[in-house]
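Here are the chains, one letter per residue:
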Amino acid sequence: MDRARTRRDPTLNEAAERLAPALEASLDAFVQTLWLEEGLAPATLAAYRSDLTRFFLWAQRAGLDPRAAQGAELLSYLADFSRHNKATSQRRLLASWRRYYRWLLREGLITRDPTATLQPPLLPPRRPKTLTETDVERLLAAPDVTTPLGLRDKAMLEVLYATGLRVSELVGLQTHQIERNEGWLRVLGKGSKERLVPLGEEAASWIERYWQESRPVLLNGKREETLFLNRRGEAMTRQRCWQIIKEHAIRCGIAPDRLSPHTLRHAFATHLLDHGADLRAVQLLLGHADISTTQIYTHIARARLEALYRRHHPRA
């Protein structure tokens, strides 16, 4: 963690601290319950543990038992926390609190949920970075498909745009998750939740070509179940995949400030909505647990419609 931020943030202590054994045990039991009952991803569990550990240490320094905290004490911590953390971090802290105190309530360790009246801060409107359909066509045409790595890159880009996968989901794809004859992917998303995603003919044909022509060259006799491989025939990292996308985008003239690791995922969702797809269907394809997450794309689609109207309607 950044030292400068540690000095600024009063919810953190520079000296190494240890939680009281009872608090550590409570935190361990809570995280284990989340893992066993909900199958949350390790990164999500680590985020909850981090949020609660920081709060527990703050309470410990103040002589409070965080398990018995009241709403006023939570608000006091949140006031300090919010001075040095964005609204998204504040909302995650509230989510951590809610899960933890509801768990205590269910276990009969408290009689009242102190988070019941707490309201999450409003988030600023999100505007995901996306690309026009023309931009996407240029990006998809950028790899040199006469080379094994270029053919791999072409297949990866086509799959990302055809399916809206997260980069982490793409690099985690295993060969048994590809229904090559049916044209479907079985995707293991956040929280280890599986969803079926159609590939489309174009992406399916590039996967087949990569499978037949490029993947054996990259494997070079090795055994590896991951679908997309690096030049050593091993599973690719999420960071390297994003770097490849960025390199091809810059090569075909797409400005870096228009890119993010989710660029093609955002384009996938936006272009589906532009062409009349149902929001619920897009939610299922993206693997969003809450439709409010998917609704960020309706703002982009609406803005494009307004721009088209102003440009082409004689009375605009």
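Small disclaimer: the values here were computed from a predicted structure and weren't measured.

Description of helix H11 (residues 263-274)
Then step 1. The terminal C-alpha atoms of H11, which comprises twelve residues, lie 16 Å apart, in line with the 16 Å expected from a rise of 1.5 Å per residue.
Then step 2. For H11, a buried count of ten out of twelve residues is recorded, marking the element as mostly surrounded by other parts of the structure.
Then step 3. Considered for burial, the residues of H11 that qualify are Thr263, Leu264, Arg265, His266, Ala267, Phe268, Ala269, Thr270, His271 and Leu273.
Then step 4. Just beyond H11, the residue with positive phi is glycine 276, at close to 95°.

Observations regarding the environment of asparagine 220
Then step 1. By the secondary structure assignment, asparagine 220 is in the loop between helix H9 (201-219) and helix H10 (238-251).
Then step 2. A C-alpha to C-alpha distance of 8.5 Å links asparagine 220 and arginine 232, two positions twelve residues apart in sequence.

Some thoughts on the UniProt feature "active site" (unreviewed entry) in the chain
Then step 1. With numbering matched to this structure, UniProt assigns "active site" (unreviewed entry) to Arg166, Lys190, His262, Arg265, His288 and Tyr297.
Then step 2. Relative to the helices and strands, arginine 166 resides in the loop between helix H7 (148-163) and helix H8 (167-171).
Then step 3. Setting aside residues no more than four positions away along its own chain, arginine 166 makes contact with Leu160, Gly189, Lys190, Arg195, His262, Arg265, Leu286, Gly287 and His288.
Then step 4. Structurally, the position occupied by histidine 262 is in the loop between H10 and H11.

As for a negative patch on the surface
Then step 1. A cluster of like negative charges, contributed by Glu133, Glu137, Glu201 and Glu202, occupies part of the molecular surface.
Then step 2. For the negative patch, the secondary structure elements donating two or more residues are helix H6 (133-140) and H9.
Then step 3. With respect to the element layout, glutamate 137 can be found in helix H6.

Quick word on the packing of H6 against H11
Then step 1. Look at H6 against H11: their axes get within 11 Å of each other, and the N-to-C directions meet at 135°. In terms of axis orientation, H6 runs oblique to H11. Every pair of crossing elements has a handedness; the one defined by H6 and H11 is left-handed. Contacts from Glu133, Val136 and Leu139 of H6 reach H11 at Leu264, Ala267 and His271.
Then step 2. The residue inventory of the contact of H6 with H11, partitioned by class, reads four nonpolar, one polar and one charged.

Re the environment of valine 145
Then step 1. Here valine 145 is to be found in the loop between H6 and H7.
Then step 2. Residue valine 145 is classed as partly exposed on the basis of its relative accessible area of 22%.
Then step 3. Linking valine 145 and arginine 209, residues 64 residues apart in sequence, is a C-alpha distance of 10.0 Å.
Then step 4. When neighbours within four sequence positions are excluded, valine 145 is seen to be in contact with Gly150, Leu151, Lys154, Trp206 and Arg209.

Let's talk about the pattern of salt bridges
Then step 1. A complete count under the given rule lists 20 salt bridges for this structure.
Then step 2. The closest approach of N and O atoms between arginine 209 and glutamate 213, which form a salt bridge, is 3.3 Å. One end of the pair, arginine 209, and the other, glutamate 213, are both in helix H9, four residues apart, so they sit about a helical turn from each other.
Then step 3. Given the relative accessible area of 31%, arginine 209 is considered partly exposed.
Then step 4. Here glutamate 247 makes a salt bridge to arginine 240, at a shortest N to O gap of 3.4 Å.
Then step 5. What makes glutamate 247 partly exposed here is its relative accessible area of 33%.
Then step 6. Each member of the salt-bridge network shares a partner with another, and the members are Glu24, Asp28 and Arg49.

What to know about the nonpolar core
Then step 1. Among the nonpolar cores identified, the biggest contains 47 residues, and Val159 and Leu170 are the most heavily contacted of them.
Then step 2. Of all elements in the fold, only H6, H7, H8, strand S2 (184-188), H9, H10, H11 and helix H12 (279-286) reach the threshold of two or more residues within this core.
Then step 3. The element that contributes the greatest number of residues to this core is H9, accounting for seven residues.
Then step 4. With residues near it in sequence (within four places) discarded, leucine 170 still touches Met156, Val159, Leu160, Leu165, Phe228 and Cys241.
Then step 5. In this structure, Leu23, Ala69, Leu104 and Ile110 belong to the second largest nonpolar core, which totals 29 residues.

Details of the packing of aromatic side chains
Then step 1. Summed over the entire model, instances satisfying the criterion amount to 13 aromatic pairs.
Then step 2. Between phenylalanine 55 and tryptophan 58, the aromatic rings sit 6.0 Å apart at their centres with planes inclined by 20°, giving stacked as the arrangement. You can see phenylalanine 55 and its partner tryptophan 58 sitting in helix H3 (residues 42-61), three residues apart, about one turn around the helix. Both residues of the pair, phenylalanine 55 and tryptophan 58, belong to the buried class.
Then step 3. Residues tyrosine 100 and tryptophan 103 carry aromatic rings whose centres are separated by 6.0 Å and whose planes lie at 35° to one another, so their mutual orientation is tilted. Placement of both tyrosine 100 and tryptophan 103 in helix H5 (residues 87-106) is noted, with a separation of three residues, approximately one turn of the helix. For the pair tyrosine 100 and tryptophan 103, one class covers both residues: buried.
Then step 4. Through pairs of rings, three or more aromatic residues link up here, namely Phe30, Phe55, Phe56, Trp58, Tyr77, Phe81, Trp97, Tyr100, Tyr101 and Trp103.

Calculation criteria
Residues numbered from 1 in each chain as written. Predicted model: local features only at pLDDT ≥ 70, side-chain atom pairs only at ≥ 80, totals over all residues. Heavy atoms only, no water. Helix = DSSP H or I, 4+ residues; strand = E, 2+ residues; numbered from the N terminus. Expected span 1.5 Å × (residues − 1). Buried < 20%, exposed > 50% of the residue type's maximum accessible area, 1.4 Å probe, protein only. UniProt positions renumbered as here; feature names shortened; annotations may be inferred. Contact = heavy atoms within 4.5 Å. Patch = residues over 30% accessible without salt bridge, like charges linked within 9 Å, V, L, I, M, F, W, Y side chains within 5 Å. Areas by Shrake-Rupley, 256 points an atom, 1.4 Å probe, with all protein chains shown as cover. Salt bridge = Lys/Arg side-chain N within 4 Å of Asp/Glu carboxyl O. Lys, Arg positive; Asp, Glu negative; His and termini not counted. Charge placed at Lys NZ, Arg CZ, Asp CG, Glu CD. Axes fitted to C-alpha atoms, helices over the stretch in contact; angles between N-to-C directions. Parallel < 35°, antiparallel > 145°, perpendicular 65-115°, else oblique. Left-handed = near helix turned anticlockwise from the far one by under 90°. Nonpolar A, V, L, I, M, F, W, Y, C, P; charged D, E, K, R; others polar. Core = buried A, V, L, I, M, F, W, Y, C linked by side-chain atoms within 4.5 Å. Phe/Tyr/Trp six-rings, centres within 6.5 Å; stacked < 30°, edge-to-face > 60°.

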